[in-house]
Every structure is written in structure tokens, then in C-alpha cells.
Amino acid sequence: MQYRKWLGQIADAVSHVPAIPDQINKIEERLKQHSDAISAAGASNDENEEIRMKFAEKVFAASQATEGDKAKRDDRSYGVQNSIKAATWIAALGAIFYGAVATYQACQMRIATEAATKSADIAACALRQSQKQFGDTLEQMKVQSVAQNNSASSAAAAVTQGEEFFDLQNRPWLVFTPGDIHTDPVSQQVLFEADVKNIGVTPAPSAWRRIHYEIGQSAPERLRFTSSDSITSQLYSSQQSQGITGVIPRSSVSIYGPSASICGWVVYRDVFKGTHLHLTEFGAVVTAGILELSEPQRSEGLNHPLHIVFHWEPISGLSCYDENCRDYKERVADVEDFVKTGKTPKN
């Protein structure tokens, strides 16, 4: 089978032998064309080679220029990198230094804060102590102030009392002093005496008095005056007295009870500056009583075992002095008006 295949191929090849010359011519033409093409290609390659050489030269020159520029750029880049490295190291060193300083400052601040905290605690404690001491001192001051005020009040009261006591001791005192009462053996009239006396240790340089005398068997309940009871002015030295006398007619003598009354007032000034006017009001009655005698009287007296005795009896509602008198302002006003105008008040 294999031989048959070979023989078939040989026979087929032999059948194509007449066409071999034509094929050879075609091959030659093709070889010629190929040779021309190779020649043209060679020429073209030479041109191309020349172009490639020029291009290569330009490229090399550009490459050389580029390499120079690259070297320069590399140098610049290296310098920049060195500068950046130096700046980086400087920044790093600065950061380290700043960090160290900040750390040191933080430590110092912490120490200072702790010290300040301790100081604040100590100050707060001291403030509390100071507040407590201040409160205690304030309380003590209040107590002392109250004590001082009390002492001042007591001292002022003592001064006032001292002044009052001094005035009481040294001022003039004009008082009504009852005197002797006796019966005239001839007329059988009752005669009485009284006076207004300065019992103080200093004089009364100015004094005004008004006295009313009345016969009757009743005691007045208040001071009463008539137009004939004028105001008289006089000076009273220490222990000096100004007398008052009166007569009770025999027909008006009562053997029992009041027979006459006498009342009045005296306004006077002392010798001290700034003191007010003083006032004394008084009232008394002459009253009688029967006294039984164990022995007869002598012939010149009443020839009777019974004897009528007269005595003074004060009227308590009319006796007062200074502001204790209810009409003190009225009496002082009467005197002041009398000094200015000379007019005697109605009552």
C-alpha cells in the first residue's frame, strides 16, 4: 500500500514535468524582481540608515542634554533633599527642644500648681480661721459695744444724776414756812406769821411771788387770787426769808376747825446758766382746837380751864414744786408776761 502511494505521487510528478520550464522562467523573474526589490531595499536601507544615524545623533545629543539636565536636576534635587533633611533635622531638634522645654514647663507648672493648691488650701484654712476669729472678735466687739453703751449710758445717767444732785444740793429752795400763831390778849384777835424762805445754799437773784389770804372756815381746793393780789418781785439770799403776816378778827375765830387760809406761789431763778425757772406752790390753813388745862391760867390769860390752841395745817393738794406742779407752764408764762408787760394775770 505504501509503494502504491509512492508510485502515485511519482506519476503525478512526471505529469507535471512539461510545465517545469515555465515554472523556472517564473522563478527567474521572481528572483529578478526579488533582486531588484533587494537593491531598492538596500538603497532605501542606506537612506534609512543615514536618517537613522542622524536621528540617532540627535537623539544622542538630546540624550546627552537630557542626561546633563538630569544631572543638574539630580544635583538640585540632592541639594533640595539635603536642605529638606537639614530642615527636617532642625525641625526635629526644635521639636525635641520644644518638647523638652514644654515638658520642663509642664513639670514646673505641675509643681507650681501643687504649690498653689497647697497655698490655696493653707489660705482657705487661714481664711476660715480668720473668719472664725473675726466672728469671735465681732461678737466680743458687740458684747464690748453693748457693755460700753451700757457704761456710756450709765456714765451719762451718772453725769445727769450728778448734775441733778449738784443742782439739788446747790440750787436755791424757796419754801413756805409757817410761823407763830398767838392771840392778842386785849383784842382777842388771832395774829399769825409765816414766811417764804430760801433754805438753799445759793441765792435766788430774781423771784416773783403772789399770795392770797382769806378768812373762812373752809380750805381752798385750788389756788385762787383776786385783783388785789399783786405780783411782787424780790431777791432771796441764802437762808433769807420774806415774812407774811395776817390777822383773824375775833368774830371769825372758830374754836374748832379752820379760821383762815393762805395760799400762793413763787417763781424764781437760780444763779446757774442754762437752768429753767423754778416754782413753789403752797397752801395752809390756820385751824383751832380746844385744850383742857390741868391748872387755871394766870390772871393775864384766859381765865378758863379750857384753852383754844391754834396751829397750821398744810393743804396737801396745793403744795408742790417745779415740774411736779400741774400748772407749772402756766405760772412761768404768767411771770414772763408780767416781766414784759407789768400786767398781773387774773388768776
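That block above? That's the structure.
Here the structure is a predicted model, which is why all the values come from computation and not from measurement.

Peer 1: Break down the side chain of Asp195 for me, with residues and values.
Peer 2: Inspection of the secondary structure assignment puts Asp195 in strand E2 (residues 190-198). Notably, Asp195 is buried but unbridged: the nearest opposite-charge side chain belongs to Lys197, and the N-O separation is 6.8 Å. Discounting chain neighbours no more than four positions away, the residues touching Asp195 are Val175, Phe176, Thr177, Ser241, Gln242, Gly243 and Ile244.

Peer 1: Tell me about a nonpolar patch on the surface, and please be specific about residues and values.
Peer 2: Together, Phe134, Leu138 and Met141 line one region of the surface with nonpolar side chains, adding up to about 300 Å² of accessible area. A relative accessible area of 54% means that Phe134 is categorised as exposed.

Peer 1: Can you lay out the pattern of salt bridges for me, pointing to particular residues and giving the numbers?
Peer 2: Throughout the structure, instances matching the rule amount to five salt bridges. Across the pair Arg331 and Glu281 runs a salt bridge, and its minimum N-O distance is 3.5 Å. Highlighted residues: Arg331 in helix H3 (residues 328-341) and Glu281 in strand E7 (residues 278-292), separated in sequence by 50 residues. Residue classification places Arg331 among the buried positions, given a relative accessible area of 3%.

Peer 1: Hey, could you go over the state of the cysteines for me, with residue numbers and the actual values?
Peer 2: The tally for this structure, following the rule as stated, stands at one disulfide. Here Cys320 pairs with Cys325 through a disulfide, and the sulfurs are 2.1 Å apart. On the sign convention where negative means left-handed, the S-S torsion of about 115° between Cys320 and Cys325 marks this disulfide as right-handed. In this structure Cys325 comes out as buried when scored by relative accessible area, which is 3%.

Peer 1: So what about the packing of aromatic side chains? Which residues, and what values?
Peer 2: Per the counting criterion, the structure on display carries five aromatic pairs. By way of ring pairs, the aromatic residues Phe176, Phe192, Tyr213, Phe282 and Trp312 are connected into one cluster. The residue whose ring lies beneath Arg171 is Trp173, and the NZ or CZ to ring-centre distance is 3.7 Å.

Peer 1: Break down the sheet that holds strand E5 (residues 241-248) for me, citing the residues and quoting the values.
Peer 2: Read across the sheet, three strands follow the order E1-E2-E5 without closing on themselves; strand pairing throughout is antiparallel. In this open sheet, the two strands that pair with only one neighbour each are strand E1 (174-183) and E5. Shown here is a sheet whose adjacent strand axes are inclined to one another by a mean of 20°, direction ignored. Where E1 and E2 come together, eight bridges link them in antiparallel fashion. Note on E2: the bridge partner recorded for His182 is Leu191.

Cut-off values and rules
Residues numbered from 1 in each chain as written. Predicted model: local features only at pLDDT ≥ 70, side-chain atom pairs only at ≥ 80, totals over all residues. Heavy atoms only, no water. Helix = DSSP H or I, 4+ residues; strand = E, 2+ residues; numbered from the N terminus. Buried < 20%, exposed > 50% of the residue type's maximum accessible area, 1.4 Å probe, protein only. Lys, Arg positive; Asp, Glu negative; His and termini not counted. Salt bridge = Lys/Arg side-chain N within 4 Å of Asp/Glu carboxyl O. Contact = heavy atoms within 4.5 Å. Patch = residues over 30% accessible without salt bridge, like charges linked within 9 Å, V, L, I, M, F, W, Y side chains within 5 Å. Areas by Shrake-Rupley, 256 points an atom, 1.4 Å probe, with all protein chains shown as cover. Disulfide = S-S within 2.5 Å. Phe/Tyr/Trp six-rings, centres within 6.5 Å; stacked < 30°, edge-to-face > 60°. Lys NZ or Arg CZ within 6 Å of the ring centre and 35° of its normal. Pairing = 2+ DSSP bridges. Axes fitted to C-alpha atoms, helices over the stretch in contact; angles between N-to-C directions.

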